Amino acid sequence: MALVSLLEIFIAFTCFLIFHFFLIKKKQHRPFLTNWPILGMLPGLLPELPRVYDFITDVLEGGNLNFLFKGPTLGGLDMLFTVDPANIHHIMSSNFANYPKGTEFKKLFDVLGDGIFNADSELWKDLRKSSQSMMSHPEFQKFSLATSLSKLEKGLVPLLDHVAKEKLVVDLQDVFQRFTFDTTFVLATGYDPGCLSVEMPEIEFARALDDAEEAIFYRHLKPEMVWKMQRLIGVGGELKLKRAHAVFDRVCSECIASKRDEISRGSDNISSSSSKDLLMSFINVDTTKYKLLNPSDDRFLRDTILSFMLAGRDTTGSALTWFFWLLCKNQEAVARIRQEINTNLLPGNKTDGSVSYDSDSFNPQEVKKLVYLHGAICESLRLYPPVPFQHKSPTEPDVLPSGHKVDANSKILFCLYSLGRMKSVWGEDALEFKPERWISESGRSLHEPSYKFLSFNAGPRTCLGKEVAMTQMKTVAVKIIQNYEFQVVEGHKIEPAPSVILHMKHGLKVTVSKRCCA
Ligand code: HEM
């Protein structure tokens, strides 16, 4: 009898141990990066590169929002990955002065020279204040809206009509990049490169931007001496970057020369669009107010307009692409947006059931009423932030709210893509596309703090083009959703490309049909 009891106890105890082992194992299950001697964690990360964003998301979800990555010895790649909103708030706002862009950032993004993205301290303040004042001017806002509307009517609509009529397959990512490239180029320089047309011409400058972004991404993963050596020899991405650099220099210098020429020939020769763009505004900037800006130096103008072109083209193009892909998968959301457009837009904004896109009668305030559309765009930006990561470096040692000690000049990486997917930040349904997440019970738009919704950055360096971008995206969305249906080509693979901007690796291939009731 005693023997039976002992056996029972033994079996129960063994069961308990097995159960306990698996329970603990399950709890602790997370992607694991071995820290190898000399090579650090790089060997574990490299095979994950094709799905690097999702891999880091898994690591951070398992690592309680923070993860200390160890790079190869002397490679200078050690960094703290964080998506902890308290850390983000601390770095971007409360202790902002201790986290400038710094020399490391400037080295990686050297192609942008001394433009606003690379600038710090007093130069950054002058660039920021002057840009803010130019972009908030009512004339600039009218110009920006008119540019978007005109490109929509004269570029995007004819192209989509053509694709629908000829039953072609089109890459929507390419289409939106062309759309935002043209509009941003006009805002930055006053000239329209005509990239968006039925012929889809190859534009050297646009290709150069793509190459530069990819090469800069890989610089983040290589020890400095490696990419510097590649640059010296002129191989791989570094060679492409060098060529891209030359294209930027040449095209910007042509625009600057042409603008200076227009000015020297007198006001009669300046077209109306050419008088409101940022290049013209920076040439005429008040240097008594912004003492560190030097508009007589072509280099200053080149760095300034190039930064704006990068800021506006790729971000908004990427945002539109992911947004329409999410809509293709969520027809219920499409139906709700259509219903919202029909009930909310004023009759004055409609001609035979569609919104009028004449820039004199179109009122951007009207699209602000579209709360569900706003939620759908925010939701897309949360899941697919066009700028998927950002890095920071403290000038002085610091202790983050998470308890992590960071040395001066150490690297901290905000993973924006992962932040939008953290269950502890956004709830158990974090991976779902739910525009209603952004709507309050009373039907108004819900605001989320920027250290949680970081897609437009946070603190004093918040994106200057947020309003321009939101209005542009809503205008495009209303027109397209009312008039067209997209169908993603069967079997087409969607995955993010490794780059500093969240592009789709294989584009977004769709067929287009025109809605008969539009
Ligand atoms: C969906 C569209 C956009 C997104 C998601 C976005 C996102 C961002 C982010 C994350 C930053 C911080 C980058 C960094 O500090 O490294 C930023 C900065 C900036 N953005 Fe945007 N952006 C968008 C559109 C635009 C547009 C259309 C413009 C201008 C026409 C613009 C102008 C700027 C500028 C000038 C800065 C630098 C601000 C500073 O450093 O003080 N952005 N943006």
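Residues numbered from 1 in each chain as written. Predicted model: local features only at pLDDT ≥ 70, side-chain atom pairs only at ≥ 80, totals over all residues. Heavy atoms only, no water.

1. Re the coordination of the iron atom of the ligand
Okay, so step 1: The sole protein-derived ligand of the iron atom of the ligand is Cys463 (SG), positioned 2.3 Å away.
Okay, so step 2: Looking at the secondary structure, you find Cys463 in the loop between helix H18 (423–426) and helix H19 (466–483). (Donors = N, O, S within 2.8 Å, 3.2 Å for Na, K, Ca; no water. Helix = DSSP H or I, 4+ residues; strand = E, 2+ residues; numbered from the N terminus.)

2. Overview of the state of the cysteines
Okay, so step 1: Within the structure shown, the criterion is met by zero disulfides.
Okay, so step 2: Free of any disulfide, Cys252 has its nearest neighbouring cysteine sulfur in Cys255, separated by 6.3 Å.
Okay, so step 3: In this structure Cys415 is a free cysteine whose sulfur lies 20 Å from that of Cys463, the closest cysteine sulfur available. (Disulfide = S-S within 2.5 Å.)

3. Regarding the packing of helix H11 (residues 236–264) against helix H13 (residues 298–329)
Okay, so step 1: With their axes 9 Å apart at the nearest point, H11 and H13 run at an angle of 110° to one another. In this view, H11 runs roughly perpendicular relative to H13, as classed from their interaxial angle. Two packed elements cross with a definite hand, and for H11 against H13 that hand is right-handed. Residues His245, Phe248, Asp249, Cys252, Ile256 and Arg260 of H11 form the contact with H13, whose participating residues are Asp298, Arg299, Leu301, Arg302, Ile305, Leu306 and Met309.
Okay, so step 2: For the contact of H11 with H13, a count of residues per class yields seven nonpolar, one polar and five charged. (Axes fitted to C-alpha atoms, helices over the stretch in contact; angles between N-to-C directions. Parallel < 35°, antiparallel > 145°, perpendicular 65-115°, else oblique. Left-handed = near helix turned anticlockwise from the far one by under 90°. Contact = heavy atoms within 4.5 Å. Nonpolar A, V, L, I, M, F, W, Y, C, P; charged D, E, K, R; others polar.)

4. Overview of the site of the ligand
Okay, so step 1: By nearness alone, 25 residues border the ligand, and Lys101, Trp124, Arg128, Arg461 and Cys463 come closest of all.
Okay, so step 2: A distance of 2.8 Å is found between an oxygen atom of the ligand and a side-chain nitrogen or oxygen belonging to Trp124.
Okay, so step 3: Contact between the ligand and Arg461: an oxygen atom at 3.0 Å from a side-chain N or O atom of the residue.
Okay, so step 4: Under a 2 Å grid-point criterion requiring more than half of the atoms, the pocket assigned to the ligand is the largest cavity.
Okay, so step 5: Looking at the shell around the ligand element by element, the count peaks at six residues for H13.
Okay, so step 6: Tallied by class, the residues present in the shell around the ligand amount to 15 nonpolar, seven polar and three charged. (Near = heavy atom within 4 Å. Polar contact = N/O pair within 3.5 Å; in protein donor to acceptor, adjacent residues only side chain to side chain. 1 Å grid on protein atoms, 1.4 Å probe; cavity = no way out; pocket = protein on both sides within 12 Å on 5 of 7 lines; lining within 4 Å. Sits in = over half its atoms within 2 Å of the grid points.)

5. Regarding the sheet that holds strand E6 (residues 389–392)
Okay, so step 1: A sheet is described by the order of its strands in space; here four strands give the open sequence E1-E2-E9-E6, paired in mixed fashion. The sheet terminates laterally at strand E1 (66–69) and E6, the two strands that pair on one side only. Each strand of the sheet is rotated relative to its neighbour by a mean of 25°, with strand direction disregarded. (Pairing = 2+ DSSP bridges.)

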